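Summary of the model geometry
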Amino acid sequence: MKGQSVAGGVVGIEGIDVAPETLSDDSAYIRAARRGLPGEVVRQAVGVLGRRETLAELLGATPANLNRLYRRYALSRSQSEALLDMLRVVSRALYVFGDLDRANEWLDVALPALGGRRPIELCDTFQGRRLVSDAIRRIEYGEFP
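Residues numbered from 1 in each chain as written. Predicted model: local features only at pLDDT ≥ 70, side-chain atom pairs only at ≥ 80, totals over all residues. Heavy atoms only, no water.

What follows deals with helix α3 (residues 40–49). Think of an α-helix as turning once every 3.6 residues; residues three or four places apart then point the same way. Those residues of α3 that sit buried are Val41, Val42, Gln44, Ala45, Val46 and Leu49. Looking at the packing, one finds that the buried side of α3 touches α4 (52–58), α5 (67–70), α6 (77–97) and α7 (100–107). After α3 finishes, the residue Gly50 shows a positive phi value of roughly 65°. (Buried < 20%, exposed > 50% of the residue type's maximum accessible area, 1.4 Å probe, protein only. Helix = DSSP H or I, 4+ residues; strand = E, 2+ residues; numbered from the N terminus. Contact = heavy atoms within 4.5 Å.)

The following block contains the structure:
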């Protein structure tokens, strides 16, 4: 599995400078969101995940001006929390599917359990990410075809 370490079914995502503990520990997650993630993490996420449009929408930007966020010392609290939440979803998928290619493949497949939508289509909202996380959890425990 391509990740930094495992904690509670969450792994660090290689190439994205967010500590695995930040994704697995609620207190660390809250501290990081309040402090604001560096804009560089956005650039890293785009480079590693290749989901420019999704990340731009998530952060309230357009794909064309996403690079403005790269230069920020710190993202806003809401942007940081949205990005951390998205990284948690990807991290969980990475843990369950074993590597980033398989996780990305799953994120792009229309699923009947998600109303025929692709999981990545739901990741631009908090509730959508909850639905995707729930689907990943169900796969992990063998409850999902």
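This paragraph deals with the layout of surface pockets. Over the atoms, a rolling probe the size of a water molecule traces out where space has been left empty. Here the second largest pocket is characterised by a volume of approximately 170 Å³. Considering the residues around the second largest pocket, the lining is formed by Asp17, Val18, Ala19, Thr22, Ala32, Arg35, Gly36, Leu37, Pro38, Val41, Tyr73 and Ala74. The residue makeup of the lining of the second largest pocket, split by class, is 8 nonpolar, 2 polar and 2 charged. (1 Å grid on protein atoms, 1.4 Å probe; cavity = no way out; pocket = protein on both sides within 12 Å on 5 of 7 lines; lining within 4 Å. Points joined across faces, edges and corners; volume = space filled by probe spheres on them. Nonpolar A, V, L, I, M, F, W, Y, C, P; charged D, E, K, R; others polar.)

Take helix α9 (residues 126–140) next. Compared with an ideal rise of 1.5 Å per residue, which puts 15 residues at 21 Å, α9 spans 21 Å between its outermost C-alpha atoms and is within 8% of the ideal. Taken together, the buried positions of α9 are occupied by Gly128, Arg129, Val132, Ser133, Ala135, Ile136 and Ile139. Burial along α9 is one-sided: seen end-on, the buried residues are contained in an arc of 160°. Among the structural elements, α4, α6, α7 and α8 (119–122) are those in contact with the buried residues of α9. The first or second residue beyond α9 is Gly142, which carries a positive phi of 75°. (Expected span 1.5 Å × (residues − 1). Arc of directions from axis to C-beta.)

Tallied over the full model, the rule gives 10 salt bridges. Salt-bridge contacts for Arg88 lead to Asp26; the nearest nitrogen and oxygen are separated by 3.0 Å. Highlighted residues: Arg88 in helix α6 and Asp26 in helix α2 (residues 26–35), separated in sequence by 62 residues. The exposure class of Arg88 is buried, given its relative accessible area of 19%. (Salt bridge = Lys/Arg side-chain N within 4 Å of Asp/Glu carboxyl O.)

When you line up the elements, Ser80 lands in helix α6. On the basis of relative accessibility, which here comes to 0%, the residue Ser80 falls in the buried class. A polar atom in the side chain of Ser80 sits 2.8 Å from the backbone nitrogen of Leu37. Not counting chain neighbours up to four residues away, the residues in contact with Ser80 comprise Ala32, Ala33, Gly36, Leu37 and Leu75. (Polar contact = N/O pair within 3.5 Å; in protein donor to acceptor, adjacent residues only side chain to side chain.)

Let's shift gears to the environment of Tyr29. For Tyr29, the location among the structural elements is in helix α2. Placed 29 residues apart in sequence, Tyr29 and Leu58 show a C-alpha to C-alpha distance of 18 Å. Residue contacts for Tyr29: discarding those within four places in its chain leaves Thr22, Glu81, Leu84, Asp85 and Arg88. Here Glu81 takes part through its backbone oxygen, which lies 3.2 Å from a polar atom of the side chain of Tyr29. Within the structure, Tyr29 has its side chain in polar contact with the backbone nitrogen of Asp85 (distance 3.5 Å).

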